[in-house]
Amino acid sequence: MNPTISGFDRRRVTVADGVTLSAAVAGSGSPIVLLHGFPQTHLMWRHVAADLAADHTVICPDLRGYGDSDKPADPDGTAYSKRTMAADVVALARALGHERFALAGHDRGALVAVRAGLDHPRAVTHLAALDVLPTLDMWDVMRGTTAAVGFHLYLMAQPPGLPEQLIGASPDAFFGHFLDAWTRNPDAIPAEVRAAYLRASREAVASIVADYRASAGIDVEHDRADRAAGATLRMPVSVLQQDWGAALGYDAAGLWRAWAPDLEHRTVTCGHFMAEEAPTEVVGTLRALLAR
């Protein structure tokens, strides 16, 4: 079993037929669910979760396909759609006694959070997204040589077989690249935490690829349908992200506002793994969001 957040209880909760999530839970008060990103586990929230647990019930799952959660096969390309993963999160919160909850996600977890907010607006009271764009917009802004920064998106979008073989041949080099390249303060991810992330990712190559492959297929279909229908996030939304808009030439806040009319958007100066590099800033943003 992979390490968990100090002071948190580990739970295993069945959320769908044959799928059980592992979640770290602590605190009391209004609930907030924190969803991790790539290539990490719920452990990335260790600083933020400990602070929030002083006055909230904090639930930190490993997403399906990651960490100690189940990693179902994906024969038809739907097992790792963000719609399916969002349903997991709603089922997890409900099983723990919470029909309504705040939701924050980083990276892949933020994509799951957005889908949960669109599909389950009565369940999600507040929503925070850290360092992503919604899936449909992400693909639209990736063009030309600047798209090289997202090479992994294109690699894992390929049909089953080759991506898994290539990544599986040297998983620590592949996943370690992102932990190193996306971090401005290497001390924010200590050696033992880095080793835990690499071990968990090494054991989940096929499911991680399936998660990304869904974002080049079925997730785009779902976003396009919502865009055509004029669907938006009805709850207060806060977004923290690096200034990728300036780097790649797009209006990040404008793209987000099309999905989230009640939006607070800020750029940060830390690296991608902001819950570990700038936990005080992330906590402040989440607490301000919960007060809206």
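The coordinates are above.
## Focus on the packing of aromatic side chains
Throughout the structure, instances matching the rule amount to 10 aromatic pairs. On the basis of an interplanar angle of 20 degrees and a centroid distance of 5.7 Å, the ring pair of Phe 151 and Phe 178 is categorised as stacked. Taken as a pair, Phe 151 in helix 5 (residues 151–155) and Phe 178 in helix 7 (residues 171–181) lie far apart in primary sequence, 27 residues in all. Owing to a relative accessible area of 37%, Phe 151 belongs among the partly exposed residues under this scheme. Residue class for Phe 178 comes out buried when judged on its relative accessible area of 0%. Between the aromatic rings of Trp 182 and Phe 273, the centroid separation amounts to 6.2 Å while the plane-to-plane angle is 40 degrees, which identifies the pairing as tilted. A residue pair is termed long-range when its members are at least 10 positions apart, and Trp 182 in the loop between helix 7 and helix 8 (191–202) and Phe 273 in the loop between strand 8 (263–267) and helix 13 (274–277) qualify at 91 residues. Of the residues examined, Trp 182 reaches a relative accessible area of 17% and is grouped as buried. By relative accessible area, Phe 273 is classed as buried at 1%. Here a set of aromatic residues connected by ring pairs shows up, and it is made of Phe 38, Phe 151, Phe 174, Phe 175, Phe 178, Trp 182, Tyr 212 and Phe 273. One cation-aromatic arrangement involves Arg 108 over Tyr 212; the distance from NZ or CZ to the ring centre is 3.8 Å.

## Concerning the sheet that holds strand 4 (residues 57–61)
The strand order 1-2-4-3-5-6-7-8 describes an open sheet built from eight strands, whose pairing is mixed. Each having just a single partner strand, strand 1 (9–16) and strand 8 make up the two edges of the open sheet. On average, adjacent strands in this sheet sit at an angle of 20 degrees to one another, irrespective of strand direction. Relative to strand 2 (residues 19–26), strand 1 runs antiparallel, the two sharing seven bridges.

Conventions we followed
- Residues numbered from 1 in each chain as written.
- Predicted model: local features only at pLDDT ≥ 70, side-chain atom pairs only at ≥ 80, totals over all residues.
- Heavy atoms only, no water.
- Phe/Tyr/Trp six-rings, centres within 6.5 Å; stacked < 30°, edge-to-face > 60°.
- Helix = DSSP H or I, 4+ residues; strand = E, 2+ residues; numbered from the N terminus.
- Buried < 20%, exposed > 50% of the residue type's maximum accessible area, 1.4 Å probe, protein only.
- Lys NZ or Arg CZ within 6 Å of the ring centre and 35° of its normal.
- Pairing = 2+ DSSP bridges.
- Axes fitted to C-alpha atoms, helices over the stretch in contact; angles between N-to-C directions.

Fair warning: the whole summary comes from geometry, so function is off the table for now.
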